[in-house]
Every structure is written in C-alpha cells, then in structure tokens.
Amino acid sequence: ILNVEQSPQSLHVQEGDSTNFTCSFPSSNFYALHWYRWETAKSPEALFVMTLNGDEKKKGRISATLNTKEGYSYLYIKGSQPEDSATYLCAFLRSNDYKLSFGAGTTVTVRA
Amino acid sequence: DVKVTQSSRYLVKRTGEKVFLECVQDMDHENMFWYRQDPGLGLRLIYFSYDVKMKEKGDIPEGYSVSREKKERFSLILESASTNQTSMYLCATNVRGDSNQPQHFGDGTRLSIL
C-alpha cells in the first residue's frame, strides 16, 4: 500500500478565517490526485481530480494546487464557514494499476 | 446524480457468521469498489470489479470475497466474520476507461463483529 500522507490530522479554524493543509504522495507512477470531502453521516463527495503538474482547481471558496514533481498538493479554504467542517481526503491514482491510495484525511472543524 | 446505495447503515454480527454487504448503483457504471475505513488510516481497497462476473483483489482481500452477478450490484462477503473486521465499509463506483473521473461513494456500513 503506497504512502499517502495528509497533515495536519485535524485542525480548528475560526469562522471567516482561511486555512490550508497538505497531501503528500509518491512522485513516481503518478496518474491523478483526487480530493474528497466527507461530512459526518454522509458519503464522501468528490471535490477535484487533478492530473497536470501545476494544476490549480477551484470550487467556490475551496481551491487546490498540485506539484507532481515533488509529490504534494495543497487544499485551501478561504473564509471558512461552519458548513466546511468535514474530513478532507486526498487519494493518489497510480498509473501502473489505476488503483486509488487514500490518505487518512484532515478533519477540519470551523468554530462560529 | 449518481446514487450508490448500501443495504445497511449499521450492522451487528457474531464471530464466525457469514456476512453479506450489498451495494447497488443506478448509473450503469462498470467499475465498482469495496473499501474499509479504520481510525487513523486511509480508505483501504478490499476488492474491485471492472465488469459483471469480474473481480480483482485490492490491497487487503484476506478474509473477504465478492460477487458481481449483475452490473448494478456488487456484494462483499465476509466468509467467517472476525472481530478484526469490525470497521466502516464503503462502496464506490465510477466509469471505466476514464481515469479522470472521480469515484462516487455510498453512505457506508458500520459493521460490528462481536
């Protein structure tokens, strides 16, 4: 099982503040990097699928960047709101077998 | 919207029982996956299927088997349940042949083996 690391494991942020966190993955056999948001009692929901080095994706107040050469991706939340509270999962899709390897997630709690 | 339905949200079974977890999807996706999620660990792939009657082992297949008799249904089977199989189980689907597509997940089944 490939090593996909997410840090920090959890974070608390004040409503209105911005935050970011990291996903690191192997730089070899890269095909794509997925980000998912998993709210309590719901199913994980896809945020982004990123494939190109230097890719930046944005969905509302959430954005992500990708560096495939050094093996990391950042997820940013601008102006955090309580509804952003969730666990954010990244997953590395490897090119040799097209299987996803997931990180353990970053759990974000937004305090009103 | 893709709908992935898992048969139970919570399930309690006894050690040694044969346990079936069912997953049904309504979007005609070829690929279906079973994962388990444990505290502090990422989702780990148990088995997946690219087509009817086709199955492939994931990273942790030991103690599990699967069945895909119809395209829309993918069943995970615990042959003889053990306490270390207590976990959250997630089913997912996506379209075959387009690896840029995300996976679509069910709500999960929290399984407790006593």
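Definitions and limits used
- In this numbering scheme, every chain counts its residues from 1 along its sequence in written order.
- As they are written, the chains are lettered A onward and the ligands numbered 1 onward, keeping that order.
- Local features are withheld for residues below a pLDDT of 70 in this predicted model, meaning they are given only at 70 or higher, and side-chain atom pairs are given and counted only at 80 or more; totals for whole chains, interfaces and linings count all residues.
- To get the side-chain values, all heavy atoms of the structure are used, and hydrogens and water are removed first.
- A run of H or I in DSSP becomes a helix once it reaches four residues, and a run of E becomes a strand once it reaches two; helices and strands are each numbered from the N terminus.
- What makes two residues a contact is simply this: any of their non-hydrogen atoms within 4.5 Å.
- Only one rule defines a salt bridge in this text: a Lys or Arg side-chain nitrogen within 4 Å of an Asp or Glu carboxyl oxygen.
- For each residue, the accessible area found with a 1.4 Å probe, counting protein chains only, is set against the maximum for its type, and the residue is called buried under 20%, exposed over 50%, and partly exposed in between.
- Pairing between two strands requires that DSSP report at least two bridges joining them.
- The axes are straight lines fitted to the C-alpha atoms, using for helices just the contacting stretch, and the angles between their N-to-C directions are given from 0 to 180°.

Q: Teacher, can you tell me more about the environment of alanine 104 of chain A here?
A: Among the secondary structure elements, alanine 104 of chain A is positioned in the loop between β10 (100–102) and β11 (106–111). C-alpha separation for the pair alanine 104 of chain A and aspartate 84 of chain A, spaced 20 residues apart in sequence, amounts to 18 Å. The contact partners of alanine 104 of chain A, leaving out residues within four places of it in the chain, are Gln6 and Leu89 of chain A together with Gly40, Leu41 and Gly42 of chain B.

Q: Just checking my understanding: could you explain the pattern of salt bridges for this structure?
A: Pairs may arise between side chains of opposite charge once their charged atoms sit close together. All names here are of chain B. The full count for this structure, using the stated rule, is 12 salt bridges over all chains. Glutamate 79 serves as the salt-bridge partner of lysine 18, at 3.7 Å between the closest nitrogen and oxygen. Placement of lysine 18 in the loop between β2 (10–13) and β3 (19–25) and of glutamate 79 in the loop between β8 (73–78) and β9 (87–94) is noted, with a sequence separation of 61 residues between them. Exposure remark for glutamate 79: the relative accessible area of 39% places this residue in the partly exposed category. When salt bridges with common partners are traced through the structure, they connect Arg36, Asp38 and Arg44 into a single cluster.

Q: Could you clarify how one ought to interpret the sheet that holds strand β1 (residues 5–7) of chain A in this entry?
A: In any sheet, the strands associate via hydrogen bonds between backbone groups, in a parallel or an antiparallel arrangement. Residue and element names in this part refer to chain A. Taken together, the five strands give an open sheet; going across it, the order is β1-β3-β8-β7-β6, and neighbouring strands pair in antiparallel fashion. The strands lining the two open edges of the sheet, one partner per strand, are β1 and β6 (56–59). Taking the axes of each pair of neighbouring strands and ignoring which way they run, one obtains an average angle of 15° across the sheet. Relative to strand β3 (residues 19–24), β1 runs antiparallel, the two sharing three bridges. Of the residues in β3, the one forming a bridge with glutamate 5 is serine 24.

Q: Even after reading the chapter, I still don't get the pairing of strand β4 (residues 30–38) of chain A, so can you show me in this structure?
A: Side-chain positions along a regular strand alternate between the two faces of the sheet. Residues and elements named next belong to chain A. With respect to burial, β4 is a largely interior element, eight of its nine residues being buried. Where β4 lies against strand β9 (residues 86–94), eight bridges are found, and the strand directions are antiparallel. Bridge assignment links leucine 33 to a residue of β9, and that residue is phenylalanine 92. For β4 and strand β5 (residues 45–50), the ladder comprises five bridges, and the chain directions are antiparallel. Within β5, the residue paired with tyrosine 36 across the bridge is alanine 46. The antiparallel hairpin formed by β4 and β5 contains six residues in its connecting segment, where alanine 41 sits at a positive phi of about 70°.

Q: Honestly, unusual backbone geometry in this entry has me stumped. Any pointers?
A: What you tend to see is this: most non-glycine residues have negative phi, and most peptide bonds are trans. In this structure, the amide linkage connecting serine 7 of chain A to the following residue, proline 8 of chain A, adopts the cis form with an omega of -5°. Inspection of the secondary structure puts proline 8 of chain A in the loop between β1 and β2 (10–14). Positive phi, normally seen in glycine, also occurs at aspartate 28 of chain B, with a value near 60°. With respect to the helices and strands, the residue aspartate 28 of chain B is situated in the loop between β3 and β4 (31–37). At lysine 53 of chain B, a residue that is not glycine, the phi angle is positive and equals roughly 65°. Topologically, lysine 53 of chain B is positioned in the loop between β5 (44–49) and β6 (56–57).

Q: How should the environment of alanine 86 of chain A be read in this particular structure?
A: All names here are of chain A. Inspection of the secondary structure puts alanine 86 in strand β9. Taking C-alpha positions, alanine 86 is 6.8 Å from threonine 40, a pair spaced 46 residues apart along the chain. Look past the residues within four positions of alanine 86 in its chain and what remains in contact with it is Arg37, Trp38, Glu39, Thr106, Thr107 and Val108.

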